[in-house]
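Working through the structure, step by step
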Amino acid sequence: MTDNTAGFRPGQGPSPRALTEEEATRLLGGQRFGVLATLKRNGQPHLASMVYAWDPQERIIRIPSVAGRIKARHLLKDPRATFQVQGETVLSYAVAEGEAEVSEVTTRPGDAIGQELLSLFGTISSTDETEFFEQMVRDRRLIIRLRVAHLYGTALDGPLIS
């Protein structure tokens, strides 16, 4: 084990610093997975690891999901949500807060929701596209769109203590 405490005594070391809006935006754009927090009926948070896409111009996080899943049901009752992504170390992260909307379910292969889902999953061949759209309809896929009202984060730039 390497000592990388840089002369710090226990309980001492560099303090965390707030990320700038630009740094938090860049961190959101550089990840593919994050944690979505929705609110249960009793007010406790429900956390789910999710794949997502960040649109910094519109300030929207798009998350594919399935109709009837608990997170979609929570958001239909209370649209407040928080999304957290990890930075390069366990000591940095970005958090996006806002209200989410739950799209309609894709019901026809290639409909608008299906096209939006395709854009989240990336480019695929035209022969696979038909299969993709059909699978999205069978799965009753939808999109959660988190409109980010508040974006913040923290980083600890000093040495990691292992």
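Description of the structure in this document.

Counting residues in hydrophobic clusters, the biggest one holds 27 residues, and the most contacted among them are Leu28, Tyr52, Ile61, Ile63, Phe83 and Ile144. The biggest single contributor to this core is strand E8 (residues 141-155), with six residues. Filtering out sequence-adjacent residues up to four positions away, Leu28 remains in contact with Tyr52, Trp54, Ile61, Phe83, Val85, Ala96 and Leu151.

Two aromatic rings are characterised by how far apart their centres lie and by the angle between their planes. The final tally for this structure, using the stated rule, is three aromatic pairs. Ring geometry for Phe121 against Phe132: centres 5.6 Å apart, planes inclined by 65 degrees, an arrangement best described as edge-to-face. With Phe121 in helix H3 (residues 112-121) and Phe132 in helix H4 (residues 126-139), this residue pair connects regions lying eleven residues apart in the sequence. Connected via pairs of aromatic rings, a cluster forms that spans Phe121, Phe132 and Phe133.

For Arg59, which is not glycine, the phi torsion reads 55 degrees and is therefore positive. Tracing the backbone shows Arg59 in the loop between strand E4 (53-55) and strand E5 (60-66). Here Arg59 falls in the partly exposed class, since its relative accessible area comes to 24%. Phi at Arg140 takes a positive value of approximately 60 degrees, unusual for a residue other than glycine. Here Arg140 lies in the loop between H4 and E8. Judged by relative accessible area, Arg140 falls into the partly exposed class, the value being 46%.

Throughout the structure, instances matching the rule amount to one cavity of 30 Å³ or more. Of the pockets and cavities examined, the largest cavity occupies roughly 40 Å³. Arg32, Val51, Tyr52, Ala53, Arg62, Pro64, Leu120 and Phe121 together form the lining of the largest cavity. For the lining of the largest cavity, the secondary structure elements donating two or more residues are E5 and H3. Tallied by class, the residues present in the lining of the largest cavity amount to six nonpolar, no polar and two charged.

What counts, and where the lines are drawn
- Residues numbered from 1 in each chain as written.
- Predicted model: local features only at pLDDT ≥ 70, side-chain atom pairs only at ≥ 80, totals over all residues.
- Heavy atoms only, no water.
- Core = buried A, V, L, I, M, F, W, Y, C linked by side-chain atoms within 4.5 Å.
- Buried < 20%, exposed > 50% of the residue type's maximum accessible area, 1.4 Å probe, protein only.
- Helix = DSSP H or I, 4+ residues; strand = E, 2+ residues; numbered from the N terminus.
- Contact = heavy atoms within 4.5 Å.
- Phe/Tyr/Trp six-rings, centres within 6.5 Å; stacked < 30°, edge-to-face > 60°.
- 1 Å grid on protein atoms, 1.4 Å probe; cavity = no way out; pocket = protein on both sides within 12 Å on 5 of 7 lines; lining within 4 Å.
- Points joined across faces, edges and corners; volume = space filled by probe spheres on them.
- Nonpolar A, V, L, I, M, F, W, Y, C, P; charged D, E, K, R; others polar.

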